[in-house]
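# Structural overview
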Amino acid sequence: MPKVDIHRVLTRRRFLGGTVAFGTGAFFNMSNLPARTSRRQMFDFTPVRANSFDTITIPSGFKWSVVASWGDPLWSDAAEFDHNTRGNGASQEMSIGDNNDGMALFEIRGHSVLVVNNEYCNNRVIYGNRSTLHPENSDDIRKGIAAHGVSVFEIKRHQDNWAVVKDSFFNRRITAESKMQITGPASGHDLLKTELDPSGKFSLGTFNNCGNGRTPWGTYLACEENFDKYFSTRDKSFRLTAEQIRYGLTAEDAGYGWANKHERFDLAKHPNEANRVGYVVEIDPGSPFSVPKKRTAMGRFKHENCEITICKNGQVAAYMGDDQRGEFLYKFISKNKFSENGNNTDLLEYGDLYAAVFDSTGRGNWVNLLDSGMSRPQTLVNSRIAATRVGATTMDRPEWVSANPFSTEVYCCLTNNSVRGTSPSQPLNAANPRVSNHYGQIIRWKPDNNDHGSNNFEWDHFLLAGNPALHDTEYAGTNNINTANMFNSPDGLSFDSLGNLWIQTDGNYSNEGPFKGMGNNQMLMADTITGKIKRFLVGPRECEVTGITWSADRSTMFVGIQHPGEKNPLLCGFPGGKGTVPRSSIVAISRDDGGAMG
Ligand code: FEO
Ligand code: CA
Ligand code: CA
Ligand code: CA
């Protein structure tokens, strides 16, 4: 195993994070912000302590309320959530899906429209009425299929609280059965053709939508992550191909049972079906009847989120992580250019896809996947294989990417990697420098010439997470980590319009062993100029904190609480309280003084 000089990694001169000048790549509407909160004022709160409570904890001077939860109906003729049955197929198709993840709020013709990914199902909770805690009949599977996908719904503020507007024109459920259009260079390719769709241009459903993106032209990007979990086969003679193995597909059912209801999820019978998922899906929240578009040009992998920026020449640069141990960071550059008042509808349809190489001196570059020698459609459907061939750097599970709106620099959470330095295919490297990395790190890069279109960049670590109460080695973390702000497994990441960086965690919440003192999953705020980090929120038990967006006037921040009580649903009851079914929820957070939340 090559050794990495950890001291050098930790002390290497850092490039300055964020100069306060309006840089490229930002497209916040700055005109209607409440004037009362500056970046520094927003950072001026008393941090909350780590805890293991079954509720949300935020600093004094702020308040929170629940906006919507899994199972809340979007139409008035749908049943309210039933804590005994936990809904059925029909009610779930008309209600908010499970496990809310990435989200974005859009202002459309005077309406606030929230678009939220419903990543996966918490079987112990949604099938908590079944003795096996699994789907037991065809309608249970229908319910699971409908609990996935994307929920689109209007919300409205009533005094201090936000609530769903039932029956709004904008309300929509996109599920794992909705019609999708497959666009871009791989559309119609043999690899995407199936018995149901010999054209290779239309598929059914989007699922395991993890993080998200939003475009300056007003669309939403839902990113398909762990799609492998939904395919299986009972055919004993079935053998996986190298490509299927690389994407984690297996013959065994992971607990959803979808292949029992819909033959297209049977890997032996319809092997190409799995090639039709693993993409970025573009959705127009203003047109409830539009068909979502799978963007093959942006590659097929376990997409985390998609951070859109604009290059100096107007081309779109999209940064994307592939969240699996030892996978890569990608950048898409559109063929065509963004134009302020032009038609940008299909900018994500064509372009080039690159993977990142991080060298040991703090420099890095983007390598075009076409350099692999594979055909363009092949590089898009089997992007992981192309990226390995071009020598991309194996990473510690790239999660969300976020670009600083005030400076041309980009941050990415590398959540953890239990096999770093022990798996022969994942030796230590400067960007991923710790053996059995169970705390994670945030890496950042600054493109040359302050241009997201540049092929070269400078990089460093914004932080290495760790536990300074237990370690005085590299596992203590960088010096901006201390016993008051420590956490593990950074995942969600987003700059606000003031330039503060919000970090959300999806880690070990045992509060024991290496994680002692860290409590439940949480959300922190970082000042990327000073490097300081403060804990802003602690989530309820067994949840992950993921997804963040703001109201148009910035006075409300919306945060996602995913899978509270995922392991012990009987011991957790967020948000209804003890004895109720724990439900993934979106909460609204605001300041007592009504000022901007970022
Ligand atoms: Fe769905 Fe990588 O988190
Ligand atoms: Ca995530
Ligand atoms: Ca994660
Ligand atoms: Ca999750």
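The structure this text deals with has already been given above.
Summarised in this report is the structure supplied together with it. Here the structure is a predicted model, which is why all the values come from computation and not from measurement.

### Regarding the packing of aromatic side chains
Applying the stated criterion across every chain yields a total of 34 aromatic pairs. Measuring from centroid to centroid gives 5.3 Å for W162 and F558, while their planes differ by 75 degrees, and the two rings are edge-to-face. Separated by 396 residues along the polypeptide, W162 in strand β5 (residues 161-164) and F558 in strand β27 (residues 556-562) bring together distant segments of the chain. Look at Y230 and W258: their rings are 4.6 Å apart centre to centre, the planes differ by 40 degrees, and that puts the pair in the tilted class. Of this pair, Y230 sits in the loop between β10 (220-224) and α6 (242-246) while W258 is found in helix α7 (residues 258-261), placing the two residues 28 residues apart along the sequence. When its relative accessible area of 1% is taken as the criterion, Y230 is described as buried. Taken together, F207, Y230, F231, Y256, W258 and F265 form an aromatic cluster joined through their ring pairs. Against the face of Y247 rests R384, its NZ or CZ located 5.0 Å from the ring centre.

### Digging into the coordination of the calcium ion (ligand 2)
Ideal donor angles around a metal are set by the shape: a four-donor tetrahedron calls for 109.5 degrees, a six-donor octahedron for 90 or 180 degrees. Looking at the calcium ion (ligand 2), one finds its protein donor set to be E304 (OE), E399 (OE), D491 (OD) and D491 (OD), positioned 2.3 to 3.0 Å from the metal centre. Within one chain, the residues donating to the calcium ion (ligand 2) are spaced in sequence as E-x94-E-x91-D. Between the calcium ion (ligand 2) and the calcium ion (ligand 3), both coordinated by E399, there is a metal-metal distance of 3.9 Å. Residue E304 is located in strand β13 (residues 303-310), and its partner E399 is located in strand β18 (residues 398-403); the two are separated by 95 residues in the primary sequence.

### Concerning the coordination of the calcium ion (ligand 3)
Within the protein, E399 (OE), D491 (OD) and D506 (OD) serve as the donor atoms for the calcium ion (ligand 3), at 2.3 to 2.4 Å. Sequence positions of the donors to the calcium ion (ligand 3) reduce to the motif E-x91-D-x14-D.

### Considering the pattern of salt bridges
Per the counting criterion, the structure on display carries 29 salt bridges. Across the pair K193 and D190 runs a salt bridge whose closest N-O atoms are separated by 3.0 Å. As a salt-bridge pair, R376 and D352 come within 3.1 Å of each other at their nearest N and O atoms. Residue R376 is found in helix α8 (residues 376-381), and its partner D352 is found in strand β16 (residues 351-358); the two are separated by 24 residues along the sequence. Overall, R376 belongs to the partly exposed group, its relative accessible area being 32%. Among the charged side chains, a network of salt bridges with common partners joins E282, K293, R295, D346 and E349.

### Regarding the nonpolar core
Ranked by size, the top nonpolar core spans 56 residues in total, and within it F207, F231, W258, M320 and Y330 carry the most contacts. Within the second largest apolar cluster, 23 residues are counted, among which are F45, F62, F574 and I589.

### What about the sheet that holds β27?
Pairing is antiparallel in the open sheet, where 4 strands are placed in the order β1-β28-β27-β26. Every interior strand has two partners, whereas the edge strands, β1 (62-69) and β26 (544-550), have only one. Shown here is a sheet whose adjacent strand axes are inclined to one another by a mean of 25 degrees, direction ignored. Two strands pair when backbone bridges link them, and β27 and strand β28 (residues 585-591) are joined in this way by 6 bridges, in the antiparallel orientation. From the neighbouring strand, I561 faces β28, where its bridge partner is S585.

Reading the values: the criteria
- Residues numbered from 1 in each chain as written.
- Chains lettered and ligands numbered in written order.
- Predicted model: local features only at pLDDT ≥ 70, side-chain atom pairs only at ≥ 80, totals over all residues.
- Heavy atoms only, no water.
- Phe/Tyr/Trp six-rings, centres within 6.5 Å; stacked < 30°, edge-to-face > 60°.
- Helix = DSSP H or I, 4+ residues; strand = E, 2+ residues; numbered from the N terminus.
- Buried < 20%, exposed > 50% of the residue type's maximum accessible area, 1.4 Å probe, protein only.
- Lys NZ or Arg CZ within 6 Å of the ring centre and 35° of its normal.
- Donors = N, O, S within 2.8 Å, 3.2 Å for Na, K, Ca; no water.
- Salt bridge = Lys/Arg side-chain N within 4 Å of Asp/Glu carboxyl O.
- Core = buried A, V, L, I, M, F, W, Y, C linked by side-chain atoms within 4.5 Å.
- Pairing = 2+ DSSP bridges.
- Axes fitted to C-alpha atoms, helices over the stretch in contact; angles between N-to-C directions.

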